[in-house]
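Letter by letter, the chains look like this.
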Amino acid sequence: DAGITQSPRYKITETGRQVTLMCHQTWSHSYMFWYRQDLGHGLRLIYYSAAADITDKGEVPDGYVVSRSKTENFPLTLESATRSQTSVYFCASSESSGGSEPQHFGDGTRLSIL
Amino acid sequence: LAKTTQPISMDSYEGQEVNITCSHNNIATNDYITWYQQFPSQGPRFIIQGYKTKVTNEVASLFIPADRKSSTLSLPRVSLSDTAVYYCLVGPPIMDSNYQLIWGAGTKLIIKP
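Residues numbered from 1 in each chain as written. Chains lettered and ligands numbered in written order. Predicted model: local features only at pLDDT ≥ 70, side-chain atom pairs only at ≥ 80, totals over all residues. Heavy atoms only, no water.

**Points about the interface of chain B and chain A**
Quick reminder of the rule: Residue contacts follow a heavy-atom distance rule, with two residues in contact if any of their heavy atoms lie within 4.5 Å. Basic side-chain nitrogens of Lys or Arg form a salt bridge, by our definition, when they fall within 4 Å of a carboxyl oxygen of Asp or Glu. Strands are runs of DSSP state E lasting at least two residues, helices are runs of H or I lasting at least four, and both sets are numbered from the N terminus onward.
Taken together, the 23 residues of chain B in the interface contact 24 residues of chain A. Put simply, chain B and chain A have 0 salt bridges between them. If you list the elements that add at least two residues to the side of chain B that touches chain A, you get strand E3 (32-38), strand E4 (45-50) and strand E8 (84-91) of chain B. Take the side of chain B that touches chain A: its biggest share by element is 4 residues, from E3(B).

Here it is, written out as structure tokens:
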């Protein structure tokens, strides 16, 4: 079945460590997105990508790095994790960068930074 | 940037029609309006999308007035399984650094028996 898969589903790490969250989609959508979801803030866009090797910043990019060497994968890296990055992270894909096409979401990664 | 405002929570009963309104006073001319549903421990799921007037699909209707400064998601005859958080999203057809997607903070809908 076509879909979008995030791994791991849960992760606990310590301040200062590097952690990478994985995202894989099977729809062959051009666009992929990373969001964080925190209570009271809804979804906030971290980074998005229009194609392999093309990425752009969203609303809250500081402290995060992304790459997209293959169309189907879009990993998100926290190079030196901080407690403020404790959140639920969602990856999404779409046929559009904007609001004209639906976004398809994974089930999220719950990240806790101690 | 358009800012979206929606009620934090709503209650209703099984079998009732539920209307959730999102305010987006600064919506741009070419912005689309999209609604998503989210259950606990899952990602948001697309419900319906519109640009102007009324859109209906098998699960919901979306009403957009002529000035497009608000939109109302209508769920007919809700059931317990409609208990979820509902998000309003406003955004241009193509996103860039100046025109980004604006998500509402979500409305927690609780359906009672």
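**What to know about the pairing of strand E1 (residues 4-7) of chain A**
Residue and element names in this part refer to chain A. This is how it is decided: In this scheme, a residue with accessible area under 20% of its type's maximum is buried, one over 50% is exposed, and one in between is partly exposed, where area comes from a 1.4 Å probe on protein chains only. For two strands to pair, DSSP has to find at least two bridges joining them.
Side chains of E1 alternate between two faces, with Ile-4 and Gln-6 buried and Thr-5 and Ser-7 left unburied. In the sheet, E1 pairs with strand E3 (residues 19-25) via 4 bridges, with the strands oriented antiparallel. For Thr-5, the partnering residue across the bridge sits in E3 and is His-24.

**Side note on the packing of aromatic side chains**
Stated precisely, the cut-off is as follows: Pairing of aromatic rings covers Phe, Tyr and the six-membered ring of Trp, with a centre-to-centre limit of 6.5 Å; geometry is then stacked below 30 degrees between planes, edge-to-face above 60, and tilted otherwise. We count a charge as sitting over a ring when the NZ of a lysine or the CZ of an arginine lies within 6 Å of the ring centre and within 35 degrees of the ring normal.
Counted under the stated rule, the structure contains 11 aromatic pairs over all chains. Geometrically, the ring pair formed by Tyr64(A) and Tyr89(A) is edge-to-face, given 5.9 Å between the ring centres and 65 degrees between the ring planes. Taken as a pair, Tyr64(A) in strand E7 (residues 64-66) and Tyr89(A) in strand E9 (residues 87-94) lie far apart in primary sequence, 25 residues in all. Judged on exposure class, the residue Tyr64(A) and its partner Tyr89(A) are both buried. With centroids separated by 5.9 Å and ring planes inclined at 85 degrees, the aromatic side chains of Phe105(A) and Tyr36(B) adopt a geometry described as edge-to-face. Here Tyr36(B) lies in strand E3 and Phe105(A) lies in strand E10 (residues 104-105), a pairing that spans two chains. The residues Phe105(A) and Tyr36(B) share a single accessibility class, namely buried. Through a chain of ring-to-ring contacts, three or more aromatic side chains come together here, namely Phe33(A), Tyr35(A), Tyr48(A), Phe105(A), Tyr36(B), Phe46(B), Tyr87(B) and Trp103(B). Sitting above the plane of the Tyr51(B) ring, Arg68(B) keeps its charged end 4.3 Å from the centroid.

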